[in-house]
Structures are given as structure tokens and as C-alpha cells.
Amino acid sequence: MRSPLYLRGFSLSPALATLAAALLACSQPPAPADGGDGGADRSDIAVDRPSSDDVTTDISVTDTGIEDSMVPVDSTVDTGVATDTGVATDTGVVTDTGVVTDTGVVTDTGVDTGRDTGVGPVFGLDSRPTNTTCRAFARPTGTAGVRADRALTMQPNFSNVTEVQQRPGNNAFWYFVEKVGRIRRVANDGMGNTVTTFADISARVNSTPNEAGLLGLAFHPDFAMNGQVFLHYNRTFMGRLQTVVSRFVSPDRGGMLDTTSMGHETILFTVDQPFDNHNGGKIAFGPDRMLYISLGDGGSGGDPMNFAQNTNSLLGKILRIDVNRTGMGTPYAIPMDNPFVGRAGFRPEIFAYGLRNAWKFAFDTRTGDIWAGDVGQGALEEIDVIRSGGNYGWRIMEGTRCFNPGTGCNMSGLQLPVLTYPRSDGVSITGGYVYRGSAIPSLQGRYIFGDFGTSRVWAVQYDAMGVATKQDLFTAARGMGTFAQDQNGEVYVVTYGDGLMYRINPTGTPPMDTVPRTLSATGCFAAGDITRPAAGVIPYTVNAALWSDGALKDRYFAIPDGSRITVNADGDFDFPNGTVLIKTFTLGAQRVETRLFVRHMDGVWAGYTYAYNAAGTDADLLQAGETRTFGMQSWSYPSRSECLTCHTSAAGFSLGLELAQLNGPQLYPSTGRTANQLDTLDRVGYFAAALPATRPALPTYTGGTFTATERARSYLHSNCSSCHRPGSTGRGNMDLRYATASAMTNTCNAMVSQGDLGVTGARVVLPGDPARSALSLRMHRLDASRMPPLASRIVDTQGTMLVDNWIRGLTACP
């Protein structure tokens, strides 16, 4: 991938300017349809609409030869004094300041529609409209009368927090474990701004794979006397990823961990990891003072080596060891009451097996029961109560379903989960704790857990028949990396990306669902006509669209008056509290759905789906996901949880709203003008700071002179990168963001991490061979292996063609 190319300025004489304009009129490509949407957006029309006074004097100098991956575009076009008399008169004062428009965005600076002032570009709006009606409504508070409040109001952000603990018998400090290999000690004083570094072993930790790094921390029950601390982390050893469980000592019993002196680390054991995912990572002392350790099945997809059922392997297990004694040649002993001691074909460390990737387990502080959240393959997430010697079924079963074989599996001797939930509710379970606090009596004894992908938090409750069900508590601020529990039994949610901690508190008031029941009641559409947006609701379109089974899409956003949009360093828009993002889907001539993605006033994002009535006069709020048929086509309405599966915190929540996507033309119905979106929004005051003069633009799927690589990378960015990027919900280690260098995407010749789909020699991307490239194979499928896994029942023929052509053209990895 070549480095970004910056276009240099030049000037044209008046005669050459006239000639250039004439040549351009013959060679200018037509504006593209909204590729990937199955057709043009309603806003993608009339891109090139010259008015009667656009006669040879308005010049567009177009660079069509750039084949760079992220072409910076200066969207301020022809800022010189170009006087247009409206009667084809060349005044001779045509000064080109060198601002050149790349046709990757198909920006036609001849678009004037009668508003050519002769001094600068056309803007779609003259001023920012007032928004008096379309603002975020109050967020529903769940069904349990609880909420999550910041526990430490001045706590700084931490990076990718995987575990939070208190040392035994001491509520004074919290210890935050960062994936990269650091442990921060934070004063538990309500503010949390007193922070020190308890340990830093980042130099020996390999945290590059998405599921690897410093994953677990456990204080010895006698920590106040012996200062012993146990860590669970990944490293690279002799070129291979390896799990390490080690003992360290804190000489001052909690202020700092000794990580540098001679013999400071005692490695208890190591396990080679065949793949880079499914590393488990939890360690905890039980009430029996034994150390329990979770290890995933070694990775890839479908446990291809059957480690979870292989009792000669430690992978796919929960282990139990005695760190208070040493064994025969080991720095730990095997507890004699371990279930498989002395049994041929079993490693004696095994306490339970048949687990895929137990991401967090915890002991009930009152009963001693072990509750674990085991991440599913692609259909079900599960909760297990772990018993000594139990076989929890993977890979024979995924939750309560047969997996290998797909039907008729032998379930004898298997421990079925307490509870499962489908992909419509979440994609990656995060195990929590059994509540034993005093602040919320209604939760007493209930296991609290959540989903990393959707940020939803639930509690296990039992119905009248004794069947476990999920009790909806609330939606966390963003993807949760872990839960925490203090010495008093209160439970906390800890977000992953920024490491902020939230305590679960009672609301004090009955829960209410304040979401408007009809689309007309949201205030986001014109009174009496839900086909038109309300004043203050701004249309937008994107250069590279997300595939939505061929539906046309109208897109809008609305933010509160006086608020501004912040542009993050990566170009993503960070919207203010109170924002409403709107997308309407149309199949043929029939509107089928409008989705609102709302940032509530407490900063939490949530999605709401409205289905149109038969007459198309209004749309009703759906309380859950469902499927309806329109003609020959099935249409999936997402649940509130499914919205957050793709709209992840790692992706900035608001998908598509970023500099590179909006650097292109948009028709503004209120003025009838077509103009560059970024220029227009900047001009009328929607951004908190001035935009950079040079801006990236995603390649379109059609039009322009982009290479096959550029178009395919643009498609993958729009359709896949919300999940497949660092810190997001995608399985494996791919980074499909457009700005990521090709060599860093972890795709070319990379081993597949979610199964080979029965294709011998499959790789994520195999140069020259789409038929053995899992990236392509999953796009072509419509079964459980399909990508994207949600909200699509039709293969995108254009998108698959783009990706397949790119793969065919690869001769080697970058």
C-alpha cells in the first residue's frame, strides 16, 4: 500500500481553463449509485446539476490517475476569484489556487443551481436549522429498578481492562488489569484520581492478538502476610504464543509488585497456544484456598483439534492446583481430591472440561458455587455452574444444541448449561458475580452477567417451574470487559476500552419505558407526514455503503441545539448526548423500517426499531426482533440488543458517520443544492473544531479510477470493520479498517480462527484463490457461517465480486 498522496497546486491561464472545462465536460464520469445498497440512496441523486450560468468559467480540475488507498481530498474547490457573469463571459480573472478535487468522491464543482457568487464553493445550507423536536428521549431503565453509576467519579481512563480486583479483606483500593501488561492501583475513595502503577510486565507480555495479553489477577488469601500475587498472561516463547501462570510477591503488601529482582517470578506452568484466540484468562482462589484457572480450547473455530474433550490436554478446561505446596518437580501440588487424580488418560490438574472459552468465572461468596460464562461458537452463549469432574459438552454441543455432529449427538454424561441465549441477544458473554450485597435486596443471590458485544447486563432468575431466565437489568455505557465485586458483595461493571467502573445501584423509582410507541411521536418527522424529516434533521449519505439486502436507505442525523460534533483522531464522529441518528429502509416502493440510534442524555447509545403499517402512514415500535415477508423477500427487524452487536464502542457507535465516508456530495432538499457534506456541515457550525484542509475519502464501489484493492478494502471497511478491529466484537484478530496498512490487517495467508468451512488449506485470504479464502467463503454463505452474521439473508453479488476480484489479483502478501 502506497503512502497517501497529497496533490500540489497549479494555475491555469484563462484560455487553458476554458479548454480544461470543455474536456472535463466530455470525460467526467457519472455520479455512482450507492454501491452495496442495492441501488441509489434517495439522497444520491442529481449530483451533476449545472445551472444556466455555469458556462465554461467554473472549472473542475480532476485527478483521475491516483490509485492510493486513502486519497486525501481538499474539498474546497476553486477558491480563487472566478467571476461568473452568467453569460459565458470570461473576465480573465480565473485564479486557480491549486485546490484539486479527486474524482474518488465524484465531486462536481460545476454544481451551482443558481447560487454562484464567484468566490468559493457552493454550500448546501445557508445556516444551521433549529432542532426543536428530534432529540433523545429518556432511556428505559430496564425491568429490575437498577442502574449503573460511576463508582469513581474522577477516575482516569485505562486501556483495555480485563480484570479488576480488591486485595483480600481490604476495600481501600482497586487493582485494574490492563491487557497490555500493566496493573493500576486506584484509591477507592469515590473519586479514583489517586493512581499508582502496581506492576508493569508489558515488556514480556504479548498483547497483540485480540484475545491475548495480561488477562488474570488473583491475590493469595494470605496476601496480608505473604504478599503473593498470581498472574495469567500470554507471551511469545520460541516463536509461539504461550499461556503463563506465575507467582509474584509484593514486598510492601499492596503498593508495588516486584517484577525486576532476581528470581522475582515463579512460573507455575506454561501451555502452548496453537492459535491466537480462546485463551481463557481467569484465575481465582476458591473458599478451599486452591487456585482455579480457566483455559480456552486453544482457538480457531469449532475446536479443530478437539482439545476441550481431550483430557490429556489442559486446553478447554478449568484447572485446580494447590499453590501452598510443591509437587514432584512442579512449584505447585495436585489436590488429592481433584476429580481425576490417578485416572489414566486425564491430567490431574483438571477440575472440569468441555469448555470453549470461559471468559470469567466467579465463586458465590455464600455457597461456594462456581458460575462461569462460556463464549459460544456462533449460535448460543451459555452460563454454567461448574462442578467437580463435569464435562460441559464442547465441542460435542454448543450450549443445548448438537455441534459435532450437527444432529444426533451423544449427550450422555454431559452437563447442560443453566442458561443460554441466542445471537439475537448478544455475541460474547462476559461472566460476572453472584450478588451478595445489601443495596439491592431484589438481586440477592442472583448471578449478574452481561454481553461484551451488546453491553446488555442481565441477572439469572428462575420462573415458577424452576427454569432459569434472563432478567433485564440495563445496558452499560459501552462494551464490558469484566465485572468486579467488592468486599461487601456489591457488583460493578467495568467497561473495556476506557476501563471506567460503574456500580450497580437501585433506581429508587419504578422502571419506565419512555420510548415513543410510534414513529410519528418521535418528533423526528414532519407533522402529518413521516416521509419528510422534521426541521433540524439533516440528511447525509456515504461513499461506501453497508449492504442491507438491496434496500434503499435514507439517512439523517439530529443533534440538540447548541451542541457540536467532535471528530476523533481516526476521523470517526463523536456525537453529543441527545443525538438521534435515523435510517429508513425501502424495498421497491414500500417503506419497511426506520431505525433510530439514540445517544441518551446519560451518554448511553441504544437502538430502536419501527415497522411500517401496511398503508405506510406510520410505523410502530417493536419490542423485540422479528422477521416479516415482503413479496418474495424476508426482512429481519433487529432487536435492541442486535443493534449494539455492530454499533460497538470500538467502532465509535455511529457507523458510517466519519470524515472519509461523508467527504462527498449530498443534495439538500431544503435549498435544492448539491454540495460537499463536510464543507456544508463545517460552514454552518456542526463541528466543535475546524476540519482539516486535507481530508480522506473512501473509494466508491463504482465510478472513479480506483483499483480493485481500493474498492475491496473500502467495502470491507464499511461492511466488516465495525466488528473486525482491535477491541471490538469480531472473533479472530483481523483489522479491516481502511486506514490499516494491508500487511497489518492479519488477513493475507493468515490461519483461520473460526473454522476452515471444510476447505482444505483455507486461509483468511489466500492470494489468487477466493475459493480457499474464508473471507470470501463466508460472504457467499447464508448459513450460520455467514458474514455478516446478522440482518442479512441475501448475498451481496456486487460486494462479493469486489472482494473476489481483489483476491484473484493478489499474487503475494504485502
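The coordinates are above.
This text gives an overview of the structure that appears in the document.

**Quick look at the overall build of the protein**
A tally of regular secondary structure across the protein gives eight helices and 42 strands. Buried residues in the protein amount to 59% of all 814 residues. For the protein, the proportion of contacts with a sequence separation of at least 24, taken over those separated by at least 6, is 61%.

**With respect to helix H6 (residues 708–720)**
Taking 1.5 Å per residue as the helical rise, H6 with its 13 residues ought to reach 18 Å, and the 17 Å between its terminal C-alpha atoms agrees with that figure. For H6, the complete set of buried residues consists of Glu 710, Arg 711, Ala 712, Arg 713, Ser 714, Tyr 715, Leu 716, His 717, Ser 718, Asn 719 and Cys 720. Summarising the contacts, the buried residues of H6 are in contact with helix H4 (659–662), helix H7 (774–780) and helix H8 (797–809).

**Some remarks on the packing of aromatic side chains**
Scanning all chains against the criterion turns up 31 aromatic pairs. Ring centres of Tyr 540 and Phe 557 lie 6.4 Å apart, and the angle between their planes is 50°; this geometry places the pair in the tilted category. Placement of the pair is Tyr 540 in strand S31 (residues 538–540) and Phe 557 in strand S32 (residues 552–558), with a sequence separation of 17 residues. Here Tyr 540 matches Phe 557 in class, with each residue buried. Note on Tyr 701 and Tyr 715: the rings are 5.4 Å apart at their centroids and 55° apart in plane angle, and the pair reads as tilted. Of this pair, Tyr 701 sits in the loop between helix H5 (677–683) and H6 while Tyr 715 sits in helix H6, placing them 14 residues apart in sequence. Tyr 715 carries the same exposure label as Tyr 701, and that label is buried. Ring pairs connect the aromatic residues Tyr 540, Phe 557, Phe 573, Phe 575, Tyr 686 and Phe 687, which therefore count as one cluster.

**Some points on the sheet that holds strand S22 (residues 429–434)**
Ordered by their spatial adjacency, four strands build an open sheet running S22-S23-S24-S25, and the pairing between neighbours is antiparallel. The open sheet is flanked by S22 and strand S25 (468–475), the only strands paired with a single partner. Each neighbouring strand pair of the sheet contributes to a mean axis angle of 30°, computed without reference to strand direction. Pairing of strand S24 (residues 456–462) with S25 involves seven bridges; the strand directions are antiparallel.

**Focus on the sheet that holds strand S21 (residues 419–422)**
Across the sheet, four strands lie side by side as S16-S17-S18-S21; this open sheet has antiparallel pairing. The two strands at the open ends of the sheet, each matched to only one other strand, are strand S16 (358–363) and S21. Each adjacent strand pair in this sheet contributes to an overall mean axis angle of 15°, direction not counted. Judged from the five bridges that link them, strand S17 (residues 370–374) and strand S18 (residues 380–386) form a sheet pairing that is antiparallel. The partner of Trp 371 across the bridge, within S18, is Val 385.

**Concerning H8**
Between its first and last C-alpha atoms H8 spans 18 Å; for 13 residues at 1.5 Å apiece the expected length is 18 Å, and the two agree. For H8, the elements touching its buried residues are H6 and H7. The N-terminus of H8 is capped by Asp 796, whose side-chain oxygen sits 3.3 Å from the backbone nitrogen of Gln 798.

**Comments concerning the pairing of strand S40 (residues 633–637)**
Within S40, four of the five residues are buried, which leaves the element mostly enclosed by the surrounding structure. In this structure, strand S39 (residues 626–630) lies alongside S40, joined through five bridges in antiparallel fashion. From the neighbouring strand, Phe 630 faces S40, where its bridge partner is Gln 633. Where S39 folds back on S40, the antiparallel hairpin that results is connected by two residues, among which Gly 631 adopts a positive phi of roughly 65°.

**Comments concerning the packing of H6 against H8**
The interhelical angle for the contact between H6 and H8, taken along N-to-C directions, is 130°, at an axis separation of 8 Å. In terms of their interaxial angle, H6 and H8 are classed as oblique. Read as a crossing pair, H6 and H8 show a hand that is left-handed. Note on element contacts: H8 touches H6 through Gly 799, Leu 802, Val 803 and Trp 806, opposite Ala 708, Thr 709, Arg 711, Ala 712, Tyr 715 and Leu 716. Along the lines of polarity and charge, the residues of the contact of H6 with H8 split into seven nonpolar, two polar and one charged.

**Considerations on the state of the cysteines**
Under the defined criterion, the tally for this structure stands at three disulfides. Between the sulfur of Cys 402 and that of Cys 409 lies a disulfide, 2.0 Å long from S to S. As the torsion about the S-S bond is roughly -75°, the Cys 402-Cys 409 disulfide counts as left-handed. Residue Cys 409 is classed as buried on the basis of its relative accessible area, which comes to 11%. Disulfide partners in the protein, listed by the sequence order of the bonded cysteines, are 1-4, 2-3, 5-6. Its sulfur unpaired, Cys 643 is 9.0 Å from the next cysteine sulfur, which belongs to Cys 646. This cysteine, Cys 723, is not joined by any disulfide, and Cys 646 carries the nearest cysteine sulfur, 4.6 Å off. Judged by relative accessible area, Cys 723 falls into the buried class, the value being 15%.

**Considering the nonpolar core**
In terms of nonpolar packing, the biggest core is built from 25 residues, with Phe 557, Ile 565, Phe 573, Phe 575, Leu 662 and Tyr 686 touching the most fellow members. Setting aside residues up to four positions removed in sequence, Tyr 686 forms contacts with Arg 128, Pro 129, Gly 536, Ile 538, Phe 557, Ile 559, Arg 564, Ile 565 and Leu 681. Within the second largest apolar cluster, 24 residues are counted, among which are Ala 660, Leu 736, Val 764 and Leu 810.

**A word on the pairing of S22**
The element S22 is extensively covered by neighbouring structure, given that six of its six residues are classed as buried. Pairing of S22 with strand S23 (residues 447–451), which is carried by four bridges, proceeds in the antiparallel orientation. Paired with Tyr 433 across the strands is Ile 448, a residue of S23.

**Looking at the side chain of Ser 718**
Summarising the element assignment, Ser 718 is placed in helix H6. Separated by 3.5 Å, the side chain of Ser 718 and the backbone oxygen of Ala 545 make a polar contact.

**A short note on the pattern of salt bridges**
Per the stated rule, a full pass over the model turns up 27 salt bridges. A salt bridge links Lys 360 to Glu 163, with the nearest nitrogen and oxygen atoms 2.7 Å apart. Note that Lys 360 is positioned in strand S16 and Glu 163 in strand S4 (residues 161–165), a separation of 197 residues in sequence. Among the residues examined, Glu 163 registers a relative accessible area of 0% and is labelled buried. One salt-bridge network, held together by shared partners, links Glu 163, Lys 282 and Lys 360.

Definitions and cut-offs
- Residues numbered from 1 in each chain as written.
- Predicted model: local features only at pLDDT ≥ 70, side-chain atom pairs only at ≥ 80, totals over all residues.
- Heavy atoms only, no water.
- Helix = DSSP H or I, 4+ residues; strand = E, 2+ residues; numbered from the N terminus.
- Buried < 20%, exposed > 50% of the residue type's maximum accessible area, 1.4 Å probe, protein only.
- Contact = heavy atoms within 4.5 Å.
- Expected span 1.5 Å × (residues − 1).
- Phe/Tyr/Trp six-rings, centres within 6.5 Å; stacked < 30°, edge-to-face > 60°.
- Pairing = 2+ DSSP bridges.
- Axes fitted to C-alpha atoms, helices over the stretch in contact; angles between N-to-C directions.
- Polar contact = N/O pair within 3.5 Å; in protein donor to acceptor, adjacent residues only side chain to side chain.
- Parallel < 35°, antiparallel > 145°, perpendicular 65-115°, else oblique.
- Left-handed = near helix turned anticlockwise from the far one by under 90°.
- Nonpolar A, V, L, I, M, F, W, Y, C, P; charged D, E, K, R; others polar.
- Disulfide = S-S within 2.5 Å.
- Core = buried A, V, L, I, M, F, W, Y, C linked by side-chain atoms within 4.5 Å.
- Salt bridge = Lys/Arg side-chain N within 4 Å of Asp/Glu carboxyl O.

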